Amino acid sequence: MSCRLTTLFGALLLGGCAPAVVAPQPEKSLVMLLIGDFQTAADAETQLTDRRRALESLGDGDWLYLQLNSGADQKLYRQRVLQIARNAEGQVMQRTYALRSDADKRDLIADPARLSALAMEDLEPALAQGCEVVWRPAADDGPWSWVGEVDPELCIIYSERRQARIAIGAKTLLNESALWQSESGFDLQGNRLWGSAQDEYVQLQRQ
């Protein structure tokens, strides 16, 4: 009995044929590594807790809720919803959304019913186009599994504080045990305005 392959990674058709093994999407390993709790060391200058939870799909790709708490009192600092999906060129992109309602600006991890009920109408883009994180498997980056970067040549925003357009650059290093992040702002001539120096990261360990 002959069998026919419908696509490169498709299932084998015709009765009596065993189904082909479908290759997993590489970005699924990224999503799994992003889920969890990360925290700076007890003696770190800034106490930061980064918690990420999987959400039901709100569209293409995978969706995560991100909550940052900071300081000795672990005050709520930032909430975001992340979409991880490939673009038309095949790059693994992370798009970032903010919560629209002030009523949701609280510890949603402590309210799993509300967290699971989040819908697209509850969200709005948090960053300008061009400020997406582009993820890639870390082939030559030491112990890291994935590297995510925001290109300051593409990520241009208007700063209300500075009353000027500025560029944002960021880099994230991720593996099974840690998540390291850096972020900097630049004027349009490339001068650093704030943020991490080159190769300087906020280091968070998986809890």
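Our structure's up above, just so we're on the same page.
Procedures and definitions
Residues numbered from 1 in each chain as written. Predicted model: local features only at pLDDT ≥ 70, side-chain atom pairs only at ≥ 80, totals over all residues. Heavy atoms only, no water. Phe/Tyr/Trp six-rings, centres within 6.5 Å; stacked < 30°, edge-to-face > 60°. Helix = DSSP H or I, 4+ residues; strand = E, 2+ residues; numbered from the N terminus. Buried < 20%, exposed > 50% of the residue type's maximum accessible area, 1.4 Å probe, protein only. Pairing = 2+ DSSP bridges. Salt bridge = Lys/Arg side-chain N within 4 Å of Asp/Glu carboxyl O. Core = buried A, V, L, I, M, F, W, Y, C linked by side-chain atoms within 4.5 Å. Contact = heavy atoms within 4.5 Å.

Peer 1: Explain the packing of aromatic side chains to me, please; I cannot follow it from the model alone.
Peer 2: Each aromatic ring pair is summarised here by two numbers: the centre-to-centre distance and the angle between the ring planes. All told, the structure shown has three aromatic pairs when counted by the stated rule. Ring centres 6.0 Å apart and planes at 40° place the aromatic pair Trp180 and Tyr201 in the tilted group. Here Trp180 is found in strand E13 (residues 178-186), whereas its partner Tyr201 is found in the loop between strand E14 (192-195) and strand E15 (202-206), with 21 residues between them in sequence. For Trp180, a relative accessible area of 22% corresponds to the partly exposed category. Here the aromatic residues Trp144, Trp180 and Tyr201 are joined through ring pairs into a cluster of three or more.

Peer 1: Quick question: what am I supposed to make of the pairing of strand E12 (residues 164-174) here?
Peer 2: In the case of a regular strand, side chains alternate between the two sheet surfaces. Summarising burial for E12: eight of the eleven residues are buried, a large majority. Examined bridge by bridge, strand E10 (residues 146-150) and E12 share five bridges and lie antiparallel to one another. Within the sheet, the bridge partner assigned to Val147 lies in E12 and is Leu173. Both strand E11 (residues 156-159) and E12 contribute to a ladder of four bridges, which runs antiparallel. Following the sheet pairing, Ile156 is matched in E12 by Ala167. Connecting E11 to the next strand, E12, in antiparallel fashion are four residues, including Gln163 with a positive phi near 55°.

Peer 1: Whenever I open this one, the pattern of salt bridges confuses me. Can you help?
Peer 2: Oppositely charged side chains may form a pair once their charged atoms are brought near each other. Counted according to the given criterion, the structure contains eleven salt bridges. Notably, a salt bridge pairs Arg52 with Asp50, separated by 2.8 Å at the nearest N-O pair. In terms of burial, Arg52 and Asp50 fall into one category: buried. Here Asp107 makes a salt bridge to Arg51, at a shortest N to O gap of 3.6 Å. Placement of the pair is Asp107 in the loop between strand E7 (92-99) and helix H2 (112-117) and Arg51 in strand E4 (residues 48-55), with a sequence separation of 56 residues. With relative accessibility at 33%, the residue Asp107 sits in the partly exposed group. One salt-bridge network, in which partners are shared between bridges, spans Asp104, Arg114 and Asp122.

Peer 1: I would appreciate a short explanation of the nonpolar core in the present structure.
Peer 2: Where a protein is soluble and globular, its nonpolar side chains tend to be buried together. In terms of nonpolar packing, the biggest core is built from 24 residues, with Leu30, Leu34, Ile84, Trp135, Trp146, Leu174 and Leu179 touching the most fellow members. If you list the elements that add at least two residues to this core, you get helix H1 (27-34), strand E5 (62-70), strand E6 (75-86), strand E9 (133-137), E10 and E12. Setting aside anything within four residues of it in sequence, one finds Trp135 in contact with Leu30, Leu34, Ile84, Val92, Gln94, Trp146, Val147, Gly148, Thr172 and Leu174.

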